[in-house]
Amino acid sequence: MYVAVKGGKRAIDNAHRLLAEERRGNKDVPELTLDQIREQMTGAVDRVMTEGSVYDRNLAALAIKQARGDLVEAVFLLRAFRTTLPRFAASQPIDTGKMTVRRRISATYKDLPGGQLLGPTFDYTHRLLDFSLAEETGDHLPPADTAPADVGRAMPRVLDQLDREGLIESEVPTDNIEPGDLTRDPLSFPVDRSVRLQNLARGDEGFLLALAYSTQRGYGRNHPFAGEIRMGEVAVEIVPEELGFPIEIGEITVTECEMVNQFSGSAEAPPQFTRGYGLVFGQQDRKAMSMALVDRALRARELHEEIEAPAQDEEFVMYHSDAVEAQGFVQHLKLPHYVDFQSELELIRRLRSSFQGQAPAPAAAE
Amino acid sequence: MNSGSTAPLLSVSGLSHYYGAITGCCGVSFDLWPGEVIGVVGESGSGKTTLLNCISGRMAPTVGKVEFCTRTEGLADIYRMSEAERRMLMRTDWGFVHQNPRDGLRMGVSAGANIGERLMAVGARHYGEIRDTANDWLGKVEFNLDRMDHLPSTFSGGMQQRLQIARNLVTGPRLVFMDEPTGGLDVSVQARLLDLLRELVTDLGLSAIVVTHDLAVARLITQRLMVMRQGEVVETGLTDQVLDDPQHPYSQLLVSSILQV
Amino acid sequence: MDTISQSPDNFHAASGSYNFAYLDEQTKRMIRRALLKAITIPGYQVPFGGREMPLSYGWGTGGIQVTASVIGPEDILKVIDQGADDTTNAVSIRSFFAKTTGVETTTETAEATLIQTRHRIPETPLREDQVIVYQVPIPEPLRWLEPRETETRKMHGLAEYGGMHVRLYEDITRYGKIATSYDYPVIVNGRYLMRPSPIPKFDNPKMDQNPALQLFGAGREKRIYAVPPYTSVKSLDFEDHPFEIQTWDQDCAICGSTDSFLDEVITDDAGGRMFVCSDTDYCGQRMAAHDASDETETNQ
């Protein structure tokens, strides 16, 4: 039988073997270890953990290695693993006010309680290729000086100060509202802010960055100030049913961004500042800030602002932010479409023949 | 019509709409009788568009009632109907002619499909008959029939407006709302369209509510007039009466200002 | 970290630790509830909490979740893509279920109790004791008219389907015939407008009054819908331009079938082509029957 156009089990097996070879590369070069990825590719690890919705540096490192450094593929691997995990508990909300802060900056106040703390950042590096890194000499770097007072200093959140003065909207208390979970329940619009934030946290960094940028260029302008960006370690607590009080189960690194946005008021609300919020695993200023800008843009409906730009359009943003969904559907075009194409071929030949009034083309008949 | 002339076709009572603290329109009441054409005039910002949106089921009023004489149940509050019933009314018994034909047409499909859409929405499933009906209506609005299969974007403003009118009338609506139907057109095109509208209204015995700032339009096609100012109706009466002998100072100002031009 | 041993790369080794048919029972129950609702409201799209699968969105995640929720150890599974059992994605999905359930698989339509398909309905008529699961990329038939989910759900609620006929009207006006050749919209049970998934319109008549239960899963869009056995499925058309299916001048170059959907195969770069059955099992069955009757003749 004619099967040249069909693939088969053997083709798939061989493809997998070739992929493994490609992943390994030249065997004269030592194989990457997960420790190396985890410790030296932290930017990639943080992104994969955030978009993959699993806080586990080892698993993220494994996913990155398996995906040959393709981060969207790595996110996919982590997600597919995550979906099989049992749920033991839901954590208490983390308290970023009690963060062990390693980086904290505010663009709204020159000085503030706790001070500005630059921490590890690319911000003021000159983007010159450092050829010394081509040699493996990094172990001899002198340790950085940090002020002794930096550790353990109280750092109240900047926006709390504005809140005390009544200049910024208070966050609506959500004590009694269960946050939604879009990995369990299908989206149904309009959605809660909690679900929107979950969607944005899992959203593709590139997509959010572009949308956030578009708001700055006038497509849904919201006049943002970077009220505060902080990064460091926070405790995660759960309340086991048998105990009835919270216990700490570990610590995670997060970056939090709180944007302060101008707002001129509406029929129901006085003029005051409003908020946009971003929170991601690890250190990812760019993603946290993008998330905060888009979060604020998506609050247009709630704040009675005119919805006119893509970043303000809840359905548009939420249906297209997920890189795992998007990559699947774009790439599914690689799957065979012989049947649909054959149907279109037959149609177009028929239409052409009636257009030209000629004898039917080979496949056209009726 | 089956309801006869004993009941109004549309009855509006105590209707007000507020945008936050701002008044859109306030305390409007009137009845529209079958076969009657009422004009709503006033300068921009007088609340006439707010009123039109409220009585045509497009925006719920803050307070007040809008009742329509339905074919089966008699007078019924349109905002107490189910959305399904209201939407059904809007695509059968009602028409809405927008000032900008782009707002009332499906720009991506042909003129014929624009007219056919309302028929198909109520169950027409015979292509040939749909086309014949569309053809008839295009003839009635003096539309160039050769262009039936062309896209609206290739038509002039006047042609688009004729198409929009035909699209609305094809289901034989009992009530048509018109928002500045001749606005945005050249004066000569306006005059021809007005003639057409007057003929249609007379021939078909249409009931209509026409919002316009153009008193010439009001004079030509309406029988009764409501003059609005700052959200309130300041004068009502027979069109000729109001235009020839306005009582309210604002109506006087409006009439005199137009006549001077 | 001991969790690493369960990662997808070691799926073979760890498959013992996954539940039967991969999904946990909780999830299966949720999907079965959605399926029951879908069956009771034929053609209505039921939102469900679609899970992330170890397969790309758009590659059959919806169909897989539906299959995983209804498959039992006694089932005999057939998986086809474009009508063929040996296309890569069909092979991949079949081996996924072979691995996670251990059920028997088959390429014979008549032998299968459960058939997962992408883009075709088998030529061999289905029976009451069979279930067919369609993979659906985009479930919403009104999507071309209206991109917003909030609005399309309202249109379904109010059965506002006139706009779909506008498209058919335009086709006839422009081309003299309806120019939709696959994923051709249908009205199910006289009420809901439904996308049959990208099957050729050739297959649409097979959906009508079919004795088998037809289930549809859209993973990315998180929707499930169904056509119960013996339910009316009517393709949209006009009275004077009735729905019609594709036909070919040729017969299948292998089995000589005159009534099956044919794939066009390019045989050289000089315009040479042949037409063969897209349903490979159907073609093979016909060849086998042909050979058998040849033998009978020879024996006589």
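Rules behind the numbers
- Residues numbered from 1 in each chain as written.
- Chains lettered and ligands numbered in written order.
- Predicted model: local features only at pLDDT ≥ 70, side-chain atom pairs only at ≥ 80, totals over all residues.
- Heavy atoms only, no water.
- Contact = heavy atoms within 4.5 Å.
- Buried area = accessible area lost by both parts, 1.4 Å probe.
- Salt bridge = Lys/Arg side-chain N within 4 Å of Asp/Glu carboxyl O.
- Helix = DSSP H or I, 4+ residues; strand = E, 2+ residues; numbered from the N terminus.
- Buried < 20%, exposed > 50% of the residue type's maximum accessible area, 1.4 Å probe, protein only.
- Domains from an automatic or database assignment.
- Polar contact = N/O pair within 3.5 Å; in protein donor to acceptor, adjacent residues only side chain to side chain.
- Nonpolar A, V, L, I, M, F, W, Y, C, P; charged D, E, K, R; others polar.

Peer 1: Explain the interface of chain C and chain A residue by residue, including any values.
Peer 2: At the junction of the two partners, chain C supplies 69 residues and chain A supplies 59 residues. The contact between chain C and chain A buries some 5,700 Å² in all, and 59% of this surface belongs to carbon and sulfur atoms. If you look at where chain C meets chain A, you find six salt bridges. For Lys 222 of chain C, the salt bridge identified is with Glu 325 of chain A, shortest N-O distance 3.3 Å. Those elements that provide at least two residues to the side of chain C that touches chain A are helix 4 (88–101), helix 5 (149–157), strand 11 (262–266), strand 12 (273–277) and helix 8 (280–299) of chain C.

Peer 1: Which residues make up unusual backbone geometry, and what values do they have?
Peer 2: Residue and element names in this part refer to chain A. Look at the link from Phe 189 to Pro 190: it is a cis peptide, with omega at -5°. Among the secondary structure elements, Pro 190 is positioned in the loop between helix 6 (158–164) and helix 7 (193–202). Located in the positive-phi region is Ser 53, a residue other than glycine, with phi close to 60°. Assignment of secondary structure puts Ser 53 in the loop between helix 3 (42–52) and helix 4 (57–66). In this structure Ser 53 comes out as buried when scored by relative accessible area, which is 18%. The phi torsion at Arg 68 lies on the positive side, around 55°, for a residue other than glycine. Residue position: Arg 68 is located in the loop between helix 4 and helix 5 (71–82).

Peer 1: Can you explain the domain arrangement of chain C? Please cite residues and give values.
Peer 2: Where interface size is quoted, it is often the accessible area lost as the parts come together. All names here are of chain C. Domains assigned within chain C are domain 1 (8–144 + 170–235) and domain 2 (262–299). Inter-centroid distance (C-alpha atoms) of domain 1 to domain 2 is 27 Å. Domain 1 puts twelve residues into the contact, and the matching count from domain 2 is six residues. Between domain 1 and domain 2, roughly 670 Å² of surface is buried when both sides are summed, and carbon and sulfur atoms account for 37% of that area. Among the residues of domain 1 in contact with domain 2, Gly 83, Glu 108 and Glu 123 are the three that bury the most area, contributing 42% of the side total. Summed over the shared surface of domain 1 and domain 2, the number is zero salt bridges. Between the two partners, domain 1 and domain 2, sit six residue pairs in polar contact (both at pLDDT 80 or more). Its residues placed into classes, the side of domain 1 that touches domain 2 shows two nonpolar, five polar and five charged.

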